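Fold and geometry: a report
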Number of protein chains: 2
Amino acid sequence: MKKTKQKLNLNRRNFLSGTATLAGLAATASIVPINISNANHKEGSKGLPGFISWKDRNALIIHSDKGIETHRSAIGESLITPNRNVYIRNNMPTMTDSQIGNRNDWKVSIEGVKNPKTFSLGQLKKLGHTTIATILQCSGNGRGFFEHKVRGSQWKTGAAACVFWTGVPVKAVVDACGGIDRDSVFMTSAGVDHKPTGLDPKKAMVERSVPKKVYSDAMLAWEMNGVPLPNAHGGPVRMITPGYFGINNVKHLGKVAFTKTESTVKYMKSSYRISPIGKKGSQYPSCWEMPVKSWITRPTDETGTVKSGKVQIVGVAMGGTRKVKSVKVSIDGGKSWKRAKFIGPDLGKYAWRQFALETTLSAGTYNLASLASNGPDKQPELRMENRRGYAHNGWKDHSVNITVV
Amino acid sequence: MKKTKQKLNLNRRNFLSGTATLAGLAATASIVPINISNANHKEGSKGLPGFISWKDRNALIIHSDKGIETHRSAIGESLITPNRNVYIRNNMPTMTDSQIGNRNDWKVSIEGVKNPKTFSLGQLKKLGHTTIATILQCSGNGRGFFEHKVRGSQWKTGAAACVFWTGVPVKAVVDACGGIDRDSVFMTSAGVDHKPTGLDPKKAMVERSVPKKVYSDAMLAWEMNGVPLPNAHGGPVRMITPGYFGINNVKHLGKVAFTKTESTVKYMKSSYRISPIGKKGSQYPSCWEMPVKSWITRPTDETGTVKSGKVQIVGVAMGGTRKVKSVKVSIDGGKSWKRAKFIGPDLGKYAWRQFALETTLSAGTYNLASLASNGPDKQPELRMENRRGYAHNGWKDHSVNITVV
């Protein structure tokens, strides 16, 4: 059990102590070239890969055919990010309708329970369902602010979305199987083995273990913001692990197992480990719990000229696995802070809240920053330097410079 | 003030007493022909009118080019109805981008306040904003269940949606104008006068008065479910009157006035009046407050074969201007009832809640009904007969017959 109780306080890792203070000020990542080469998917309309040609091209930044980011201003101010604007991060190709077949016949097997069973989606829909709002966020969101040469999509803020999921609580599924194996330590979710796609199952399987406790709020989701879960987002069923990074929300879900040990596939063992620059290995913490984080969405250079006078500074704040408690906003790069107010309904602790601060700005340049707290934890000033640029929640890099005229 | 205090208890109108008991059992409205003739808009792709060619054809029932309904099963189970599935009911043609011009330059004038002012949308965005979830519902939703020959789209359940709106509270706008005229009785909202469309302003203006008190929760909205308010839904700005029927949520908003008398335009004076069959006139109540209502969304004949065993009965329930308190579900046409549970987050009193009842059904036929209460009011069994088929909240007509195999 020790491993699962490991405190994931990302702000205070030991390996950080030497590097954090050396971290640079607001990094200016270079402009990322559009790259839709090497696509497993045909190119679709509007310059988007074919499998997401239904998305809004104007809302998106294309890093590659598997890494497509939402513009800072395009997550929307209505709390929930519209599906058409939600980012894409795929390790494996999105399955097609013909590979999936009849959606209600899709199978998910449950193991590590008293009575292991395989359910069709149709059967899962009879086990009771609910709706939750959670934040889906790529482990590498914010990677674009790092200054060392870090491999992967150079996400700034837009590998994140707040989504309503509808599906069956894992609890209800487990109950229908007589309960969890007592000596299990992890909940391990596996994507389908990709037989239908012709890919090598050993290489193509995304399998992720999270601490067993996660199951109590987790869900097998078949609907996303009111529509059947799109293939591009892991349809017909995906795992939802509230408060945990995107990779744990396994797509095209084929199996949920309560296990004594972590999965040994690449995506668990070596990838998604938060290690110091220059080091790697499975001894480093996995991308599990998301830390407290916030960023400003308006005004930015994307939202047009800012005229002097009253200005509404707006953004989103998340608490990770705890409810976000407060947000402070600075207009002078962190020299002084004012408390912002939360606006709109509270969708639960796993959703983000929108914050707003009204202020008056005269002509000039400003650095706007936000700093969220969930009570025990608050955003650090600087990023936690790490090899792959994971879990960035430093407020300084996420600030925006604006010119008021 | 007397008029505004008139109690709109739609269940107990006097003119009803003679007819309600005569109302038929579950009406079987005839199949509505698809009709996209006489369109002011070019026909778009997928058989949808051009101005909503971005919508999901499969989610929609086309009554006419101005009346497009959401399938019972397509409002989604994630609380919020996706924009692509939201119904359309237009009295006037949707304005085009070129008629609207620069969205931030759109003007809304505020009258009947201490300091009347005209704001651009850009200025409104600086007055502070928030997000609310409300139900948008056409006054005629449920008209398709009436048995007398009633003019208008034969809506069943799908002229309704639950939507996140983002905009500025009317309160904040009024504060910026020094407050409301003390002797005003109504808040009167007018659509743009349609000069840009070349239509006769006298005929083309939608102007609606509601009791002044409505302003305290009302909003001028520029965003719908996270995207700029689509033209088809009244962009760039519309009035949102929470708890009040759709018609009061005036599109392409040009003016908000606090007035002593009701507007005298057709859409206020003679249309949208709830009058006995065969009678009409402005002495009858206007379509203002929505009554408590619910309906089942799954299972229905749209959602596929129902197999015997455990069945989840799911639907939506709204309280009107009060919070919905409880929902009961019947599987035997109202002979017996069981209390359903609410699922998913509570988005506030003006949003609907999703309810679910788990039951076990053997092979046979069932009539599934739901009955919501907001405390003081509950759904009546029968519809309130009225000339234009407005405000239907009788539970019997809204029930569904299913066959379990």
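Criteria and cut-off values
- Residues numbered from 1 in each chain as written.
- Chains lettered and ligands numbered in written order.
- Predicted model: local features only at pLDDT ≥ 70, side-chain atom pairs only at ≥ 80, totals over all residues.
- Heavy atoms only, no water.
- Helix = DSSP H or I, 4+ residues; strand = E, 2+ residues; numbered from the N terminus.
- Core = buried A, V, L, I, M, F, W, Y, C linked by side-chain atoms within 4.5 Å.
- Buried < 20%, exposed > 50% of the residue type's maximum accessible area, 1.4 Å probe, protein only.
- Domains from an automatic or database assignment.
- Least-squares fit on C-alpha atoms with pLDDT ≥ 70 in both.
- Contact = heavy atoms within 4.5 Å.
- Pairing = 2+ DSSP bridges.
- Salt bridge = Lys/Arg side-chain N within 4 Å of Asp/Glu carboxyl O.
- Axes fitted to C-alpha atoms, helices over the stretch in contact; angles between N-to-C directions.
- Phe/Tyr/Trp six-rings, centres within 6.5 Å; stacked < 30°, edge-to-face > 60°.
- Lys NZ or Arg CZ within 6 Å of the ring centre and 35° of its normal.
- Buried area = accessible area lost by both parts, 1.4 Å probe.
- Polar contact = N/O pair within 3.5 Å; in protein donor to acceptor, adjacent residues only side chain to side chain.
- Nonpolar A, V, L, I, M, F, W, Y, C, P; charged D, E, K, R; others polar.
- Lys, Arg positive; Asp, Glu negative; His and termini not counted.
- pLDDT = per-residue confidence, 0-100.

Glancing now at the environment of Ile180 of chain A. Relative to the helices and strands, Ile180 of chain A is located in the loop between helix H4 (170-175) and strand S8 (186-191). Each C-alpha atom of the pair Ile180 of chain A and Glu111 of chain A lies 8.7 Å from the other, and the pair is 69 residues apart in sequence.

Turning to the nonpolar core, a few remarks are in order. Ranked by size, the top nonpolar core spans 124 residues in total, and within it Leu124 and Leu220 of chain A together with Leu124 and Leu220 of chain B carry the most contacts. In this structure, this core is formed jointly by two domains, domain 1 (27-88 + 95-269) and domain 2 (293-404) of chain A, each of which donates at least three residues.

Related by rotation about an axis and a shift along that axis, the two copies of the chain form a pair. At an RMSD of 0.0 Å, chain A and chain B line up after a rotation of 180 degrees and a shift of 0.0 Å along the axis. One copy is carried onto the other by what is essentially a two-fold rotation axis. Using C-alpha coordinates, one finds that chain A approaches the rotation axis most closely at Leu347 of chain A, a distance of 3.6 Å. Mapped onto chain B, 100% of the interface residues of chain A again fall at the interface, so both copies present the same surface.

The next point concerns the sheet that holds strand S3 (residues 88-89) of chain A. Read across the open sheet, the three strands follow the order S1-S2-S3 (chain A); overall the sheet is antiparallel. This sheet does not close on itself; its edge strands, each paired only once, are strand S1 (60-64) and S3 of chain A.

Bringing the environment of Cys138 of chain B into the picture now. Residues and elements named next belong to chain B. Here Cys138 lies in the loop between strand S6 (130-137) and strand S7 (160-169). Residue classification places Cys138 among the buried residues on the basis of a relative accessible area of 6%. Sequence-distant contacts of Cys138, that is, excluding residues within four places in its chain, are made with Tyr87, Arg89, Trp155, Ala159 and Phe245.

For side chains bearing opposite charge, pairing can occur when the charged atoms are close. Under the criterion given, the structure shown has 20 salt bridges over all chains. Linking Arg103 of chain A and Asp97 of chain A is a salt bridge whose minimum nitrogen-to-oxygen distance equals 3.6 Å. Arg103 of chain A gets classed as partly exposed once you look at its relative accessible area, which sits at 25%. The shortest N-O distance in the salt bridge between Arg298 of chain B and Glu77 of chain B comes to 2.6 Å.

Residues and elements named next belong to chain B. Strand order in this open sheet of four strands is S14-S15-S19-S18, and the pairing throughout is antiparallel. With one partner strand each, in any of the chains shown, strand S14 (293-298) and strand S18 (341-343) form the two edges of the open sheet. For this sheet the average axis-to-axis angle between neighbouring strands, irrespective of direction, equals 40 degrees. In this structure, S18 lies alongside strand S19 (residues 353-361), joined through three bridges in antiparallel fashion. Bridge pairing in S19 links Lys341 to Ala356.

It is worth spelling out the packing of aromatic side chains at this point. One pass over the full model with this rule turns up 13 aromatic pairs over all chains. Look at Tyr272 of chain A and Tyr390 of chain A: their rings are 5.6 Å apart centre to centre, the planes differ by 20 degrees, and that puts the pair in the stacked class. Placement of the pair is Tyr272 of chain A in the loop between helix H6 (266-269) and strand S14 (293-298) and Tyr390 of chain A in the loop between strand S20 (364-373) and strand S21 (400-404), with a sequence separation of 118 residues. Both residues of the pair, Tyr272 of chain A and Tyr390 of chain A, count as buried. Seen in terms of ring centroids, Tyr215 of chain B and Phe258 of chain B are 5.9 Å apart; in terms of plane orientation they differ by 85 degrees. Their pairing is edge-to-face. Here Tyr215 of chain B is found in the loop between strand S9 (207-211) and strand S10 (219-224), whereas its partner Phe258 of chain B is found in strand S13 (residues 253-259), with 43 residues between them in sequence. Between Arg383 of chain A and the ring centre of Phe146 of chain A, over which it is positioned, the NZ or CZ distance is 5.5 Å.

All names here are of chain B. Of all the six residues making up S10, six are buried; the element is thus mostly covered by neighbouring parts of the structure. Relative to S10, S7 is paired through five bridges, and the arrangement is antiparallel. Counterpart to Trp165 in the pairing with S10 is Met224. By the bridge criterion, three bridges tie S10 to strand S12 (residues 238-240) in an arrangement that is antiparallel.

Turning to the interface of chain A and chain B, a few remarks are in order. Counting residues at the interface gives 34 residues for chain A, matched by 34 residues for chain B. Across the interface of chain A and chain B, roughly 2,700 Å² is buried in total on both sides, 52% from carbon and sulfur atoms. Among the residues of chain A in contact with chain B, Ser78, Lys126 and His129 of chain A are the three that bury the most area, contributing 23% of the side total. The interface formed by chain A and chain B contains 22 residue pairs in polar contact (both at pLDDT 80 or more). Within the residue set of the side of chain A that touches chain B, elements represented by two or more residues are strand S6 (130-137), strand S7 (160-169), strand S10 (219-224), strand S15 (309-318) and strand S19 (353-361) of chain A. Grouping the amino acids of the side of chain A that touches chain B by side-chain chemistry returns twelve nonpolar, 14 polar and eight charged.

Residue and element names in this part refer to chain A. Taken domain by domain, chain A consists of domain 1 (27-88 + 95-269) and domain 2 (293-404). With 36 residues of domain 1 at the interface, the matching set in domain 2 holds 35 residues. Its largest share of buried area at the contact with domain 2, domain 1 owes to Arg72, Leu79 and Phe146, together 25% of the area lost on that side. The tally of links from domain 1 across to domain 2 stands at two salt bridges. In this assembly, domain 1 and domain 2 are joined by 16 residue pairs in polar contact (both at pLDDT 80 or more). When residues of the side of domain 1 that touches domain 2 are traced back to their parent elements, those giving at least two are S6 and S7. Of the residues contributing to the side of domain 1 that touches domain 2, the split by class is 16 nonpolar, 14 polar and six charged.

On to the side chain of Glu69 of chain A. All names here are of chain A. Secondary-structure assignment places Glu69 in strand S2 (residues 67-70). Buried charged residue Glu69 carries no salt bridge. Nearest counter-charge: Lys156, at 7.3 Å. Side-chain polar atoms of Glu69 contact the side chain of His63, separated by 2.6 Å. There is a polar contact of 2.9 Å between the side chain of Glu69 and the backbone nitrogen of Lys156. Contact partners of Glu69, with chain neighbours within four places excluded, come to Ala59, Leu60, Ile61, His63, Tyr87, Gln154, Trp155, Lys156, Thr157, Gly158 and Ala159.

Turning our attention to the confidence of the model for chain A. As a general rule, the predicted coordinates of low-pLDDT regions are not to be interpreted in detail. Residues and elements named next belong to chain A. Confidence along chain A averages 88 in pLDDT terms, with 89% of residues attaining 70 or more. In this model, residues 1-42 is a region of pLDDT below 50 whose contacts with residues beyond four sequence positions or in other chains number 83 contacts. Reported for the predicted complex are a pTM of 0.88 and an ipTM of 0.86.

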